[in-house]
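Here is how the chains run, residue by residue.
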Amino acid sequence: MIIARTAVRISLFGGGSDYPNWVENGNKGFVVGGTINKYSYVMLRTLPAFFDYKSKIVYSEIEHVKDNQDVQHKVVNALVNWYAPLDGLEITHLADLPSKSGIGSSSTFLVCLLHALITYKNFSFNKKELLDRAIEFEQDILKQSVGYQDSA
């Protein structure tokens, strides 16, 4: 079983000056932020084969799916099918703050799940590579309008 923990990040000021369309147009960004003592936790393990479903995803809902392509949670679906394209996973998410709290809990969840999946697949990533992958995932694959600091 893999257990990953990621701290929630907050921006004190400068949020929005790190959005891709702002920075890519030659503008400078400057964000002051940090982490707080609230966390996102992801527990990931191989699901034993004797269940009548292939994967189980637990967050504010519980999903039992026969194929990971059927996962309804869009972040889990995208990450699982990109980094761990196999059935037979049990993923449980616990958080100190609710989703959509407005302080980056969704980015924290993405980084935490990505870290757990990278570890599960025995990939070797340093913190900068993990950050780069998370930003790429949020901005390019999920097409979410988030700044660079959201995943930092």
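Numbers given to residues run from 1 along each chain, matching the order in which its sequence is written. Selection of residues for local features in this predicted model requires a pLDDT of at least 70, selection of side-chain atom pairs for listing and counting requires 80 or more, and totals for whole chains, interfaces and linings are taken over all residues. Processing note: side-chain calculations cover all non-hydrogen atoms of the structure and skip hydrogens and water entirely.

Enquirer: Can you explain the nonpolar core? Please cite residues and give values.
Expert: Counting 28 residues, the largest nonpolar core has Leu-44, Val-76, Leu-79, Ile-91, Leu-113 and Leu-117 as the members making the most contacts within it. Here a strand is any run of E in DSSP of at least two residues, a helix any run of H or I of at least four, and the numbering for each starts at the N terminus. Within the residue set of this core, elements represented by two or more residues are strand S1 (2-13), strand S2 (32-46), helix H2 (74-83), strand S5 (89-95), helix H3 (105-120) and helix H4 (127-141). Of the residues forming this core, the biggest block, nine residues, is contributed by H3. For Val-76, the residues in contact, after removing those within four places along its chain, are Ile-57, Val-71, Asn-81, Ile-91, Phe-109 and Leu-113. Residues grouped as a nonpolar core are buried Ala, Val, Leu, Ile, Met, Phe, Trp, Tyr and Cys residues, joined through side-chain atoms within 4.5 Å. Between buried and exposed lies partly exposed: a residue is buried under 20% and exposed over 50% of the maximum accessible area for its type, with that area taken using a 1.4 Å probe on protein chains only. Only heavy atoms matter for contacts: two residues are in contact if any of them lie within 4.5 Å across the pair.

Enquirer: Which residues make up the packing of aromatic side chains, and what are the values?
Expert: For Phe, Tyr and Trp, rings pair up if their centres lie within 6.5 Å, where Trp contributes its six-membered ring, and each pair is then called stacked (planes under 30 degrees apart), edge-to-face (over 60) or tilted (otherwise). What the rule picks out here adds up to five aromatic pairs. The interplanar angle of 50 degrees and the centroid separation of 6.2 Å between the aromatic rings of Tyr-39 and Tyr-41 together place this pair among those described as tilted. Judged by relative accessible area, Tyr-41 falls into the partly exposed class, the value being 26%. When the NZ atom of lysine or the CZ atom of arginine is within 6 Å of a ring's centre and also within 35 degrees of its normal, the charge is said to sit over that ring. The residue whose ring lies beneath Arg-5 is Tyr-39, and the NZ or CZ to ring-centre distance is 4.0 Å.

Enquirer: Run through unusual backbone geometry, naming residues and quoting values.
Expert: Non-glycine residue Asn-122 carries a positive phi angle of around 60 degrees. Among the structural elements, Asn-122 can be located in the loop between H3 and H4.

Enquirer: Residue-level account of the confidence of the model for the protein, with values.
Expert: On average, residues of the protein score 80 in pLDDT, and 74% of them are at 70 or above. Residue-level confidence of the predictor is summarised by pLDDT, bounded by 0 at the bottom and 100 at the top. Mean pLDDT values for the elements of the protein range from 56 in helix H1 (residues 20-23) up to 96 in strand S4 (residues 62-65).

Enquirer: Mind laying out H2, listing which residues take part and the relevant values?
Expert: Extensive coverage of H2 is indicated by the burial of seven of its 10 residues. Among the residues of H2, those classed as buried are Val-75, Val-76, Asn-77, Ala-78, Leu-79, Val-80 and Tyr-83. On its buried face, H2 sits against strand S3 (55-58), S5, H3 and H4.

Enquirer: Run through H4, naming residues and quoting values.
Expert: A helix's residues, less one, multiplied by 1.5 Å, set its expected span. Given a rise of 1.5 Å per residue, 15 residues ought to cover 21 Å, and the 20 Å separating the end C-alpha atoms of H4 matches this to within 8%. Within H4 the residues assigned to the buried category are Leu-130, Ala-134, Ile-135, Phe-137, Glu-138 and Gln-139. Among the residues of H4, the N-terminal cap falls to Asn-126, whose side-chain oxygen and the backbone nitrogen of Lys-128 are separated by 3.0 Å. Lys-143 occupies a position one or two residues after H4 and carries a positive phi of about 55 degrees. Polar contacts here mean pairs of N or O atoms no more than 3.5 Å apart (in protein, one a potential hydrogen donor and the other a potential acceptor; neighbouring residues in sequence count only if both atoms are side-chain atoms).

Enquirer: Which residues make up the pattern of salt bridges, and what are the values?
Expert: Any Lys or Arg side-chain nitrogen found within 4 Å of a carboxyl oxygen on Asp or Glu counts as a salt bridge. Tallying each qualifying case throughout the model produces three salt bridges. One salt bridge in this structure joins Glu-90 and Lys-56, with 3.9 Å as the shortest N-O distance. Note that Glu-90 is positioned in strand S5 and Lys-56 in strand S3, a separation of 34 residues in sequence. Owing to a relative accessible area of 13%, Glu-90 belongs among the buried residues under this scheme. The salt bridge partner of Lys-128 is Asp-132, with a shortest N-O separation of 2.8 Å. Of this pair, Lys-128 and Asp-132 both sit in helix H4, four residues apart, roughly one helical turn.

Enquirer: I'd love a proper account of the packing of H2 against H3, names of residues and values included.
Expert: Geometry is summarised by axes, namely lines fitted to C-alpha atoms with helices restricted to the contacting stretch, and by angles between N-to-C directions that run from 0 to 180 degrees. Relative orientation of the contacting elements H2 and H3 amounts to 25 degrees, with a least axis distance of 10 Å. Classified by the interaxial angle, the pair formed by H2 and H3 is roughly parallel. Helix-helix and strand crossings are classified by hand; for H2 and H3 the assignment is right-handed. Residue-level inspection shows Val-75, Val-76, Leu-79, Val-80 and Tyr-83 of H2 in contact with H3, the latter providing Phe-109, Leu-110, Leu-113, Leu-114 and Leu-117. These descriptions rest on fixed angle ranges, namely under 35 degrees for roughly parallel, over 145 for roughly antiparallel, 65 to 115 for roughly perpendicular, and the rest for oblique. Here is the rule for handedness: rotate from the far helix to the near one, and if that takes an anticlockwise turn smaller than a right angle the crossing is left-handed, while a clockwise turn gives right-handed.

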